[in-house]
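# Understanding the architecture of this molecule
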Amino acid sequence: MFGQRLRLARKRAGLSMRELADAMSPKVTAQAISKYEAGKMLPSSAVLVGLGKALDVSLDFLMSAQVEVLEAVEFRKHSRASARDRAKAEAVVMDNLERYLAIEHILDIETSVDWVERRRYDSVASESQIDERADELRGAWDLGLDPIPSLCELLEDKGIKVVEADLPESINGLSCHVLRGGEIVAEAVVVSSRINVERKRFTLAHELAHRIIRSTGNPAIDLERAMNRFAGAFLVPGQCLRKEVGADRHRITYYEIVRLKHIYGVSATTLLMRLGQVGVLSEGSVQHAFATFARSWRRSEPDPIQPDHGFAAFEKPRRFKRLVSRAVGEELISPVRAAALLNQSLESVERQIRGPVIQ
């Protein structure tokens, strides 16, 4: 376990064994690092601390055994994402999930993945069936057809670990299984803290799609395109959209799109694509829009949802922090341990414990 973590942290940092050895204090040889990674030797306490500092990772990350490996990792990334970016993202995610599972262990909370497992599909035969699968999931989870106030809260309620983390700029999110002892112990969906709420909600829905649909089963349907369609259908049901704007339109106004994006908490681009997918607009009308008034929407979000307003005020994972606060309140962990788990200052945690000081 330690050797795997060390190798992942080193790759995340983009260092060779020789470069890591040169950066170390106390000094070790590249041969020693090779033996650490191969599991043939364990470092001393001083060397372990030095490795953590040189690689900028916590000792919990290097030594904990809550997360053995991340399996079935699906990235939502730009084409320019490098192997180092992916390794860094995995290391960040493992660090966050280590702390998440650690607090569950302290509180003796069992992790269940049944909510996801029982809703999986091996394939989808057509693009219209993707919409059907999204509608079926909404029905199974008793969501009705209304906009979803918080995807983070919904996924956490269904037993999925939701993490918001400082991922590399080329990666918006990912989904994965957490494996320990050869068994899946958790499902996780991770979203970048760098992106706006419109993209965050779509990314969460996209990563949920990867956990629900294993493959398209149709070579004519690209997997990532299918995940995007599922995300759009899950966030903006076609039945609602047709009711809102009409079943057959020749064109749609900017005002209507902006109004709808604020109703459903998605980007204007997603709304325009959905209008085409459900047949409200023709394919030609959608293409014309992207060639004219919507030309810049993929680069710059029109009339964005402001931070801490509307959906942005609710679209935050809260369960992990809530569990840490509970553990402090029950005196199962100290404020110092809570600060380490939350990556916050001790002063900030103590303020959360005692509340505002009345002068």
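In this report, the structure presented in the accompanying data block is examined. (Residues numbered from 1 in each chain as written. Predicted model: local features only at pLDDT ≥ 70, side-chain atom pairs only at ≥ 80, totals over all residues. Heavy atoms only, no water.)

### Notes on the sheet that holds strand S2 (residues 160-165)
As a reminder of what qualifies: Here, any two strands with at least 2 DSSP bridges between them count as paired. We count a stretch as a helix when DSSP gives it H or I for four or more residues in a row; a strand needs E for two or more, and each element gets its number in order from the N terminus. To get an axis, fit a line to the C-alpha atoms, keeping to the stretch in contact for a helix; angles then go from 0 to 180 degrees between the N-to-C directions.
Taken in spatial order, the four strands make up an open sheet running S1-S3-S4-S2, and their pairing is mixed. Edge strands, defined here as strands with exactly one partner in the open sheet, are strand S1 (69-77) and S2. Sheet twist, expressed as the mean angle between neighbouring strand axes with direction ignored, is 20°. In this sheet, strand S4 (residues 183-192) lies alongside strand S3 (residues 171-180) in antiparallel orientation, the contact comprising eight bridges.

### A closer look at the nonpolar core
One recurring pattern in soluble globular proteins: nonpolar side chains tend to sit buried together. Under the convention used in this document: Working definition of a nonpolar core: buried Ala, Val, Leu, Ile, Met, Phe, Trp, Tyr and Cys residues. They are joined through side-chain atoms within 4.5 Å. Three labels apply to residues, based on accessible area from a 1.4 Å probe with only protein chains included: buried if under 20% of the type maximum, exposed if over 50%, partly exposed otherwise in between. In this description, contact between two residues means that some pair of their heavy atoms is separated by no more than 4.5 Å.
Counting residues in each nonpolar core, the largest one holds 56 residues, and the members touching the most others are Tyr36, Leu51, Leu97 and Ile103. The element best represented in this core is helix H6 (residues 83-106), accounting for ten residues. If sequence neighbours within four positions are ignored, isoleucine 103 has contacts with Phe320, Leu323, Val324, Ala327, Ile333 and Leu341. Val116, Val162, Leu208 and Cys240 belong to the second largest nonpolar core, which has 53 residues in total.

### So, the side chain of threonine 203
By secondary structure assignment, the location of threonine 203 is in helix H10 (residues 197-212). Here threonine 203 falls in the buried class, since its relative accessible area comes to 0%. In contact with threonine 203, other than residues within four places in its own chain, are Arg76, Asn172, Gly173, Val191 and Ile195.

### A few points about the pattern of salt bridges
We count it as follows: A side-chain nitrogen of Lys or Arg and a carboxyl oxygen of Asp or Glu constitute a salt bridge if their distance falls within 4 Å.
As enumerated under the stated definition, the model contains 25 salt bridges in all. Here glutamate 104 ties to lysine 161 by a salt bridge, and the two come within 3.3 Å at their closest N and O atoms. Of this pair, glutamate 104 sits in helix H6 while lysine 161 sits in strand S2; the two residues are 57 residues apart in sequence, bridging distant segments of the chain. With a closest N to O distance of 3.6 Å, arginine 194 and glutamate 169 form a salt bridge. Of this pair, arginine 194 sits in the loop between S4 and H10 while glutamate 169 sits in the loop between S2 and S3, and the two are 25 residues apart along the sequence.

### Remarks on the environment of valine 278
One can find valine 278 in the loop between helix H14 (268-277) and helix H15 (283-291). Overall, valine 278 belongs to the buried group, its relative accessible area being 12%. For the pair valine 278 and aspartate 131, spaced 147 residues apart in sequence, the C-alpha to C-alpha distance is 9.0 Å. Look past the residues within four positions of valine 278 in its chain and what remains in contact with it is Asp131, Gly238, Leu241 and Arg242.

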